[in-house]
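Reading the structure
The primary structure of each chain is shown beneath.
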Amino acid sequence: MSYFLQLVFNGIHNAALYALLAYGYVLIHGLTHRTDLSLGAIFAFSGQTFILATAFGWSVLWMTLPAALSFGALIAIVYVSIGGYAIAKLIYAPLDTGTRNTVLVATLGLSIFLMELSRIAANTRDYWLPPMLASPVPLLGPEIDISLTQMQVVNIVVALAVIASGEIIMLQTSAGRIWRAVSDEPVATAMCGIDPGKVRTQAILAAYGVCALAGFLAALYYGNVSFNTGMIFGLKILFITAAGGFSRPLHAAFGAAIVGMVESLWGGYFSVLWRDAAVFSLLVFVLATRINQQATERV
């Protein structure tokens with residue numbers, strides 16, 4: 001039972017990171033209704049940029065570790081902010097009236113570009129951060145050996161705080177009402193004086209910020225985010241969000257949290273080599289069931 005509970009608590013940490021990614025994805029998809037494969041690349045690019053900039057500050061600029069970490073975080077924020085704005089203006093705005101597949105192809109190309117950019121910047125090497133906040137935090141008392149590291153606790157708290165703040169904005173502010181209005185009826189909102197393009201740009205920046213935060217937290221915990229993880233995470237986000245639902249960010253985050261828990265339990269009881277295959281098979285089954293249910297309701 002102790003082993004099972006330890007896997008469950010580890011799964012909460014995985015669930016928090018996946019929930020952040022899914023929440024960010026729906027902030028974009030809820031407005032554009034287009035498939036975006038770049039979010040996984042932004043996740044990996046943010047973590048990789050943070051690690052590379054930190055390594056540069058530590059080894060070249062001779063900064064202390066806290067200063068180097070702050071420098072890396074600042075560089076990652078600047079890069080992701082500039083990239084998000086450029087993507088909103090150079091990809092989404094020109095392709096807004098095109099078919100659904102145009103954004104899919106464009107963001108696939110963007111994902112490959114970011115992966116290669118990270119690989120070239122790292123000289124095809126993996127850089128690692130030193131372990132930070134790795135002390136165990138007992139969860140059920142000192143007599144029961146079940147714990148999470150301090151960094152895992154920080155990641156869970158930050159993820160929950162971001163998602164809770166996002167829901168407060170969605171439900172209780174004018175920005176949330178405008179997002180829901182543009183998501184439901186962009187033409188009608190434009191007739192009411194709201195610029196859907198501006199709302200879309202703001203949503204893209206917010207979504208990329210959330211995914212970049214997830215990459216930053218993952219880099220701090222794992223110590224490394226490889227440049228080749230962007231594609232697999234992009235596909236995971238797409239499938240996970242589809243299982244949770246594209247209409248509400250909170251629903252997508254909840255679905256992602258379930259998948260994170262399943263991954264943790266699978267890794268504890270079965271071969272890790274088959275974990276992704278098992279997760280994708282489960283997601284395909286859920287999607288097929290939902291599509292069949294929706295078809296039955298329409299009939």
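Our subject is the structure that appears above.
Conventions used here
- Residues numbered from 1 in each chain as written.
- Predicted model: local features only at pLDDT ≥ 70, side-chain atom pairs only at ≥ 80, totals over all residues.
- Heavy atoms only, no water.
- Phe/Tyr/Trp six-rings, centres within 6.5 Å; stacked < 30°, edge-to-face > 60°.
- Helix = DSSP H or I, 4+ residues; strand = E, 2+ residues; numbered from the N terminus.
- Buried < 20%, exposed > 50% of the residue type's maximum accessible area, 1.4 Å probe, protein only.
- Axes fitted to C-alpha atoms, helices over the stretch in contact; angles between N-to-C directions.
- Parallel < 35°, antiparallel > 145°, perpendicular 65-115°, else oblique.
- Left-handed = near helix turned anticlockwise from the far one by under 90°.
- Contact = heavy atoms within 4.5 Å.
- Nonpolar A, V, L, I, M, F, W, Y, C, P; charged D, E, K, R; others polar.

1. A word on the packing of aromatic side chains
Going through the model one piece at a time under the given rule, you end up with five aromatic pairs. With a centroid separation of 6.5 Å and an interplanar angle of 25°, the aromatic rings of Phe45 and Tyr79 are classed as stacked. Within this pair, whereas Phe45 is found in helix H2 (residues 39–59), its partner Tyr79 is found in helix H3 (residues 65–92), the two being separated by 34 residues in sequence. Since its relative accessible area comes to 10%, Phe45 is described here as buried. For Tyr79, a relative accessible area of 46% puts it in the partly exposed group. Seen from their ring centres, Tyr221 and Tyr222 are 4.7 Å apart, and the 70° between their planes marks the pair as edge-to-face. Given the relative accessible area of 29%, Tyr221 is considered partly exposed.

2. Let's talk about the packing of H3 against helix H4 (residues 100–121)
One can describe the packing of H3 onto H4 by two numbers: an axis separation of 11 Å at closest approach and a directional angle of 140°. Comparing their axes, H4 and H3 come out oblique. Helix-helix and strand crossings are classified by hand; for H3 and H4 the assignment is right-handed. Here Ile87, Ile91 and Tyr92 of H3 come into contact with H4, specifically with Val103, Ala106, Thr107 and Leu110. Considered class by class, the residues forming the contact of H3 with H4 number six nonpolar, one polar and no charged.

3. Considerations on the environment of Lys89
Within the secondary structure layout, Lys89 lies in helix H3. Here the alpha-carbon distance between Lys89 and Thr49, two residues 40 residues apart in the chain, equals 22 Å. Apart from residues no more than four positions distant in its own chain, Lys89 is found in contact with Pro94 and Thr201.

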